[in-house]
Structure formats: C-alpha cells, structure tokens
Amino acid sequence: SKRIVIKVGTSTIMYPNGAINLQQMEKLSFVLSDLLNQGKEIILVSSGAIGVGLSRMNLTKRPATIPEQQAIASIGQTELMSLYSKFFYHYGHQIGQVLLTKDVTDFPVSRRNTVNTFEQLLVKNVIPIVNENDTVSVEELDHLTRFGDNDTLSAIVLELTEADLLIMLSDIDGFYDKNPMKHDDAKRFDVVSEVTEDILALAQDATSKFGTGGMITKLNAAQIVLEADKRMVLANGSDLTILFRILNGEAEGTLFS
Ligand code: ADP
C-alpha cells in the first residue's frame, strides 16, 4: 500500500498520569517521516487535544460543561500541532492541519474541497494531521456535526483520501474474543473478514483513561473500511516501530480484510 491512514489514540501519546509523552510523539514523527522518505503517503489522525489541553492547564479531569471542554480542546489542539510541527520539522517534513466536522463529508461541495486539500497536501509530500473540529462540533447537534470519535473519523478519512490501509494504534495489540484487560483467557483474532453482530458483541468497555472510543468504535471503523474493500490493522502503539513491520508485510495485531 502506498497511501496509508494512521490513527493514534490518546493513550499512545500521553502517559497514564495525564502528562504528554514527548518520547512517543518524537518517535511517531521519526517513523512517519522515514515512511515519507520511503515514498509512502501518510495521513495521521491524532487524538489527544483534550488530554494535552488538560495537561497544559494543569487539570486532572475534563471540566463539566461542553463549552469548557471545547475551550480545553482548542488549547490542546494548538499545543499538539505545535509539538508535531517541531518534531516533523526536525526530521525534514512539513505538516498541515485538517480539522473536520461531519457536515464537511455530507455536503458535496465541502466534501470536494476537503478531498482537494488532502490531495494537494499529499502531492506536496506534506503530512496531513487530522482531528475533529471540536469548536464547531457541538454535542447537542450530534447527528449533524459530530463524527463522535476519531476511530470513525479515521475510516472516513480513508474514504476521502482513497487510501488502501488504515492502521489503528491503540493500547491493545489487537481485537480479542473478550476484553483482555479484564479476562486472562481472552484470545486474539489474527484476521477478521466481516464485522457481524456476533463480532460486535465481543467488544466491551474501554479501560483507558482519556480515550473515548473503546473497541466498539474501532469495529465501526473496520466495518466502514471493509465495506470500501480496504484493509485495517489494529495494533499496539506502545512501540511505534511496529509501523515499519506492518508495512513490511509482517503479521501484527488484528487484520481486518
Ligand atoms: P484508544 O484510546 O487507543 O482509542 P480505547 O481505550 O478507546 O483505545 O479502546 C481500547 C480498549 O478497548 C482496550 O484497552 C480494551 O480495554 C478495550 N476492549 C474491550 N473489548 C475488547 C476486545 N474484545 N478486544 C480488545 N480490546 C477490548
């Protein structure tokens, strides 16, 4: 695959104590820059705006109201991009911020503009870094503006950019027959070819502190990817050099294909 969407969860770039994991952010920038050097086209979907915002404002938990949360996301998004910009610059690459709301993909004209922006960034060998636009996505207008989670968003970005592969990095090394954080005897699937009702029933609650998606939204994303006849790999983001191995064709995590 030449064009790849990579999604990192908050747990990949933040420590469990709520601090920014600079080592991981730098490593991510290094690996992705190297992949660009190899001729790959990479789109990064990065969570973490609220986590980084909380960290910058010395808060330990999300504020109560939606406007406050949106303000935290606004602060955190700026900081997140500033860090990525710095690290990618160090490795010789330019980034471009793409903030999306759901209506962007629902209306043909804004959809086309979005597609064109991605295309131009990729043509220029720039790495688009995508997130949901929390300033506009009001929770009460759920169906209109919100993707709701970056797992679904990353599957939509795969559609918009006509990428071949979505690599979803999480705090878990694949999809299991039950939540492996809670059950010692959970078994990992190597390959899942269809997201059926039975498969959906195996996804239980997330346990990570800042993540909002959980396994259900990852399966929703897999469903979108499979329907588009593309592939998704769900793998552990704790060692980011796993990206080299996945793109080298090695079996890592769970392949949805
Ligand atoms: P991220 O923040 O990386 O998006 P989440 O914490 O939202 O990740 O989701 C991953 C979590 O989903 C895992 O850590 C695990 O606790 C939970 N989970 C629930 N059911 C399953 C399952 N069947 N297989 C794997 N993980 C599962």
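The structure displayed is predicted, hence computed values, not measured ones. (Residues numbered from 1 in each chain as written. Predicted model: local features only at pLDDT ≥ 70, side-chain atom pairs only at ≥ 80, totals over all residues. Heavy atoms only, no water.)

Student: Would you take a moment to explain the overall build of the chain for this structure?
Tutor: From N to C terminus, the chain includes 11 helices and 8 strands. By the compact-globule yardstick of 18 Å for 257 residues, the chain fits well, its C-alpha radius of gyration being 17 Å. Across its three principal directions, the C-alpha atoms of the chain cover 45 × 40 × 40 Å. Within the chain, buried positions represent 50% of all 257 residues. Residue pairs in contact within the chain that sit at least 24 positions apart in sequence constitute 71% of those at least 6 positions apart. Total accessible area computed for the chain in this model is approximately 12000 Å², and 50% of it derives from carbon and sulfur atoms. If the 23 positive side-chain charges of the chain are averaged to one point and the 33 negative ones to another, these points end up 5 Å apart. (Helix = DSSP H or I, 4+ residues; strand = E, 2+ residues; numbered from the N terminus. Rg over C-alpha atoms; globule rule 2.2 N^0.38 Å. Buried < 20%, exposed > 50% of the residue type's maximum accessible area, 1.4 Å probe, protein only. Contact = heavy atoms within 4.5 Å. Areas by Shrake-Rupley, 256 points an atom, 1.4 Å probe, with all protein chains shown as cover. Lys, Arg positive; Asp, Glu negative; His and termini not counted. Charge placed at Lys NZ, Arg CZ, Asp CG, Glu CD.)

Student: Explain the packing of helix α3 (residues 49-56) against helix α4 (residues 66-90) to me, please; I cannot follow it from the model alone.
Tutor: Each pair of packed helices can be described by the angle between their axes along with the distance between the axes. Close contact between α3 and α4 brings their axes to 7 Å; oriented N to C, the two are set at 95°. Judged by the angle between their axes, α3 and α4 are roughly perpendicular. Two secondary-structure elements touch here, α3 through Ala49, Ile50, Val52, Gly53, Leu54 and Arg56 and α4 through Gln69, Ile72, Ala73, Ile75, Gly76, Gln77, Glu79 and Leu80. Class assignment for the residues of the contact of α3 with α4 results in 8 nonpolar, 4 polar and 2 charged. (Axes fitted to C-alpha atoms, helices over the stretch in contact; angles between N-to-C directions. Parallel < 35°, antiparallel > 145°, perpendicular 65-115°, else oblique. Nonpolar A, V, L, I, M, F, W, Y, C, P; charged D, E, K, R; others polar.)

Student: What should I look at first to understand unusual backbone geometry in this one?
Tutor: Where the residue is not glycine, phi is negative for most of them; where a peptide bond is considered, it is trans in most cases. Of note in this structure, Asn58 is not a glycine but carries a positive phi near 55°. With respect to the secondary-structure elements, Asn58 resides in the loop between α3 and α4. Take Asn58: its relative accessible area is 71%, and that puts it in the exposed class.

Student: It is not clear to me how the nonpolar core should be interpreted in this structure. Could you clarify?
Tutor: A general tendency of soluble globular proteins is for nonpolar side chains to be buried together. Core analysis: the largest hydrophobic core is formed by 39 residues, its most contacted members being Leu100, Val130, Val157, Met232 and Phe256. With near-sequence residues (within four places) excluded, Met232 lies in contact with Leu165, Leu166, Met168, Lys218, Ala221, Ala222, Val225, Thr254, Leu255 and Phe256. If you look at the next biggest cluster of nonpolar residues, it comprises 33 residues, including Val31, Leu32, Met81 and Phe88. (Core = buried A, V, L, I, M, F, W, Y, C linked by side-chain atoms within 4.5 Å.)

Student: Just to check I follow, could you spell out the side chain of Thr105 for this structure?
Tutor: Note that Thr105 resides in helix α5 (residues 102-106). Thr105 sits in the buried class, given a relative accessible area of 9%. If we ignore the near neighbours within four places in the chain, the residues touching Thr105 are Arg111, Phe147, Ile156 and Leu160.

Student: How do you make sense of the environment of Val225 when you look at a structure like this?
Tutor: Tracing the chain through its elements places Val225 in helix α10 (residues 214-227). Val225 sits in the buried class, given a relative accessible area of 0%.

Student: What's the story with a nonpolar patch on the surface in this structure? I'm lost.
Tutor: On the surface, a cluster of nonpolar side chains totalling about 230 Å² of accessible area is made up of Met57, Leu59 and Ile75. Tracing the backbone shows Leu59 in the loop between α3 and α4. (Patch = residues over 30% accessible without salt bridge, like charges linked within 9 Å, V, L, I, M, F, W, Y side chains within 5 Å. Salt bridge = Lys/Arg side-chain N within 4 Å of Asp/Glu carboxyl O.)

Student: Quick question: what am I supposed to make of the packing of helix α6 (residues 108-123) against helix α8 (residues 150-161) here?
Tutor: It is at 9 Å that the axes of α6 and α8 come closest, and there the two elements cross at 80°. With respect to each other, α6 and α8 are oriented roughly perpendicular. Contact residues: α6 offers Arg111, Thr114, Val115 and Phe118, while α8 offers Val157, Leu160 and Thr161. Grouping the constituent residues of the contact of α6 with α8 by class yields 4 nonpolar, 2 polar and 1 charged.

Student: Sorry, what's going on with α3 here?
Tutor: Counting buried residues along α3, 6 of its 8 residues qualify, which places the element largely inside the surrounding structure. Taken residue by residue, α3 has Ala49, Ile50, Gly51, Val52, Gly53 and Leu54 as its buried positions. Tucked inside the fold, the buried residues of α3 contact α4 and β4 (127-132). After α3 finishes, the residue Asn58 shows a positive phi value of roughly 55°.

Student: Would you mind going over the sheet that holds strand β3 (residues 95-100) with me for this structure?
Tutor: Within a sheet, each strand pairs with its neighbour through backbone hydrogen bonds, oriented either parallel or antiparallel. If you walk across this open sheet you meet the 8 strands as β3-β4-β2-β1-β5-β7-β8-β6, and the pairing is mixed. This sheet does not close on itself; its edge strands, each paired only once, are β3 and β6 (191-192). As defined by bridge partners, β3 adjoins β4 across 6 bridges and the pair is classed as parallel. Its bridge partner being in β4, Leu100 is matched across the sheet by Glu132. The sheet strands contacting helix α2 (residues 22-37) are β1 (3-8), β2 (41-46) and β4, and the helix crosses β2 at an angle near 155°. The sheet contacts of α6 involve β1, β2, β3 and β4, and relative to β3 the element is tilted by about 165°. (Pairing = 2+ DSSP bridges.)

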